[in-house]
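# Remarks on the overall topology
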Amino acid sequence: MGERGVATESARLPASVRRGYGLGSVATGSFGTVPGLLLLPYLTDRLGVGAGLAGLVVLLPKAWDVVLNPVAGRISDRSTHPAGRRRPFLLRAGLTLAVAFVLLFAGPTSPTALAATWVVVAFLACASAYAFFQVPYVAMPAELTDDYDERTRLMTWRVAVLALAILVSGGLAPVVRDAVGPEQGYRAVGLFVGALILVGTLGAWWGTRDAPVRRAATAGGSLRDQLRVVSASREFRTLLAVFVLQALATGAMLAGVDYVARVQLGRPGASAVLFVCFVGPALLVTPLWQRVGERRGKRTGYLWGSALLGVGALATLFALPLGTAATAVTVGVVGVGYAACQMFPLAMLPDVAAADTARTGEDRAGTYTGVWTAGETLGLAVGPFLYALVLTVGGYVSSTDAAAAQPDSARTAIALGFTVVPAVLVAVSVVVLRRYRLDPKETG
């Protein structure tokens, strides 16, 4: 079964639209990264919340998005705003998200119960605003172009900007925290990341103002009816399962970076090094993955990238005792795979939605995207929770002093949660991905 579409010059989007759309990843990358990287350490080592409870605090607000994201998708599907079906949501929700993120780290630090409650409420506000930004944003490619390969090009821009945003936000957030100091460091992180979200919001909203939009009729029926149709798509179910499993894996690794640097490597500053190695390769290899997708197919590229992601995670277990340099190399391998595991599924999702539109004549892109982002959000939230559970089993000592001594069992848990657990999740995802089949002729 062939996997290549026939590209035409008329199907190509203007470069300005690709760049404008990609800027939205500054917002999604910053919000998707920094809470997963620093919120758990903030709770356990700044507020003194136990690891298990801290994992729940990180999980529950994002679990709310599992319910809210499909609703946001359905609302944007039915939008008749003169400025477009999706774009107005970007501005309103993005501005709200920027403010809510600043408040996330601006609350009290004691007593512990009050501090944890503040985080839950603020993070719930962030998650709600993010749903109404992310879902319309991810739904846009299915309406911007009907060309199979052009969606890959569009995602190449998005993933390149996403990698840069993750690199800047995740790489500099710990630096900002450490430079400002323990008292005000996390508040400074909130201001820094809130500013990045604002830049991404305004950039995507303004940059797509002249984007062509191909609109099909809005699908009829209730939200429940639409979810039933979406869940009946075998290709969508397969792709979603793979992406959620890998979101679990990357969420666990992101949550572990700070712990690995401080406890395993004994170098708090190494967290920035590991993070750059995790994300940085995407800036270099994303165009190469685009060529793989165009020549060998998106599914093949996705399989290759997944294999690198899993092998790199497992190899990191053996690199940790060798020190920071060896660990950075294996994490770099993870980063090469991670780039593919971001680009290909995001390029394949519009294919699935477009195939449905071509078959039915109705637009369910928002509903597909709502379910998709709900799964992604849940995976990225459960990943840190899973890592927190591993820490709890290992007897990790939570304290308001980040330098608290840890038992050997906790050190082992830190390593296994960062390496073996993600590798197993990725291995399962590869088995599931092999079931994916979609002929590009079906994508419209």
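Located above this text is the structure these notes cover.
Residues numbered from 1 in each chain as written. Predicted model: local features only at pLDDT ≥ 70, side-chain atom pairs only at ≥ 80, totals over all residues. Heavy atoms only, no water.

Okay, the overall build of the chain next. Helix and strand content of the chain: 16 helices and two strands. Burial statistics for the chain: of 444 residues in total, 61% are counted as buried. Within the chain, counting contacts between residues at least 6 apart in sequence, those at least 24 apart form 84% of the total. By element, 67% of the accessible surface of the chain is carried by carbon and sulfur atoms, the whole surface being about 15900 Å². (Helix = DSSP H or I, 4+ residues; strand = E, 2+ residues; numbered from the N terminus. Buried < 20%, exposed > 50% of the residue type's maximum accessible area, 1.4 Å probe, protein only. Contact = heavy atoms within 4.5 Å. Areas by Shrake-Rupley, 256 points an atom, 1.4 Å probe, with all protein chains shown as cover.)

Throughout the structure, instances matching the rule amount to 17 aromatic pairs. With centroids separated by 6.1 Å and ring planes inclined at 55°, the aromatic side chains of Phe-31 and Phe-123 adopt a geometry described as tilted. Residue Phe-31 is found in helix 1 (residues 15-45), and its partner Phe-123 is found in helix 4 (residues 112-139); the two are separated by 92 residues along the sequence. Residue Phe-31 shares its accessibility class with Phe-123, and that shared class is buried. Note on Phe-101 and Phe-105: the rings are 5.8 Å apart at their centroids and 70° apart in plane angle, and the pair reads as edge-to-face. With a relative accessible area of 0%, Phe-101 lands in the buried category. Ring pairing ties together the aromatic residues Phe-31, Tyr-42, Phe-101, Phe-105, Phe-123, Tyr-130 and Tyr-186, which thus form one cluster. (Phe/Tyr/Trp six-rings, centres within 6.5 Å; stacked < 30°, edge-to-face > 60°.)

For the rest of this paragraph, the subject is the nonpolar core. Core analysis: the biggest nonpolar cluster contains 118 residues, and Leu-43, Phe-101 and Tyr-302 have the highest contact counts within it. Contact partners of Tyr-302, with chain neighbours within four places excluded, come to Leu-239, Val-242, Phe-243, Gln-246, Ala-340, Cys-341, Phe-344, Pro-345, Met-348 and Leu-433. (Core = buried A, V, L, I, M, F, W, Y, C linked by side-chain atoms within 4.5 Å.)

Omega for the peptide link from Ser-110 to Pro-111 comes to -10°, which places this bond in the cis form. On the secondary structure map, Pro-111 appears in the loop between helix 3 (87-104) and helix 4.

A word on the pattern of salt bridges. Enumeration over the complete set of coordinates arrives at six salt bridges. Asp-258 is paired through a salt bridge with Arg-262; the nearest N and O atoms lie 3.0 Å apart. Here Arg-262 and Asp-258 lie together in helix 9 (residues 234-264), a separation of four residues that amounts to about one turn. The structure contains a network of salt bridges with shared partners spanning Asp-45, Arg-177, Asp-178, Asp-258 and Arg-262. (Salt bridge = Lys/Arg side-chain N within 4 Å of Asp/Glu carboxyl O.)

With that settled, the discussion passes to the packing of helix 1 against helix 7 (residues 185-207). Put simply, helix 1 and helix 7 touch, their axes get as near as 7 Å, and they point 160° apart. For the element pair helix 1 / helix 7, the angle class is roughly antiparallel. For helix 1 against helix 7, the interelement crossing comes out left-handed. A breakdown of the residues in the contact of helix 1 with helix 7 according to their chemical character gives 15 nonpolar, eight polar and no charged. (Axes fitted to C-alpha atoms, helices over the stretch in contact; angles between N-to-C directions. Parallel < 35°, antiparallel > 145°, perpendicular 65-115°, else oblique. Left-handed = near helix turned anticlockwise from the far one by under 90°. Nonpolar A, V, L, I, M, F, W, Y, C, P; charged D, E, K, R; others polar.)

The next subject is the side chain of Thr-324. Inspection of the secondary structure assignment puts Thr-324 in helix 13 (residues 324-360). With a relative accessible area of 13%, Thr-324 lands in the buried category. Setting aside residues up to four positions removed in sequence, Thr-324 forms contacts with Leu-265, Arg-267 and Ala-270.

A separate point is the packing of helix 10 (residues 270-279) against helix 11 (residues 281-296). Between helix 10 and helix 11, whose axes approach to 6 Å, the crossing angle comes to 5°. Between helix 10 and helix 11, the angle falls in the class roughly parallel. Facing helix 10, whose interface residues are Val-276, Cys-277, Phe-278 and Val-279, helix 11 presents Pro-281, Ala-282 and Leu-283. Here the residues of the contact of helix 10 with helix 11 are counted per class, giving seven nonpolar, no polar and no charged.

You can see Ala-116 is positioned in helix 4. The buried category is assigned to Ala-116, whose relative accessible area is 11%. With 73 residues separating them in the primary sequence, Ala-116 and Leu-43 have C-alpha atoms 7.4 Å apart. With residues near it in sequence (within four places) discarded, Ala-116 still touches Val-49 and Val-57.

This part covers helix 4. Between its terminal C-alpha atoms helix 4 stretches 40 Å, which fits the 40 Å expected from 28 residues at 1.5 Å a residue. Of all the bends in helix 4, the greatest, near 25°, is centred on Tyr-130. (Expected span 1.5 Å × (residues − 1). Bend = angle between axes of the 7 residues up to and from the residue.)

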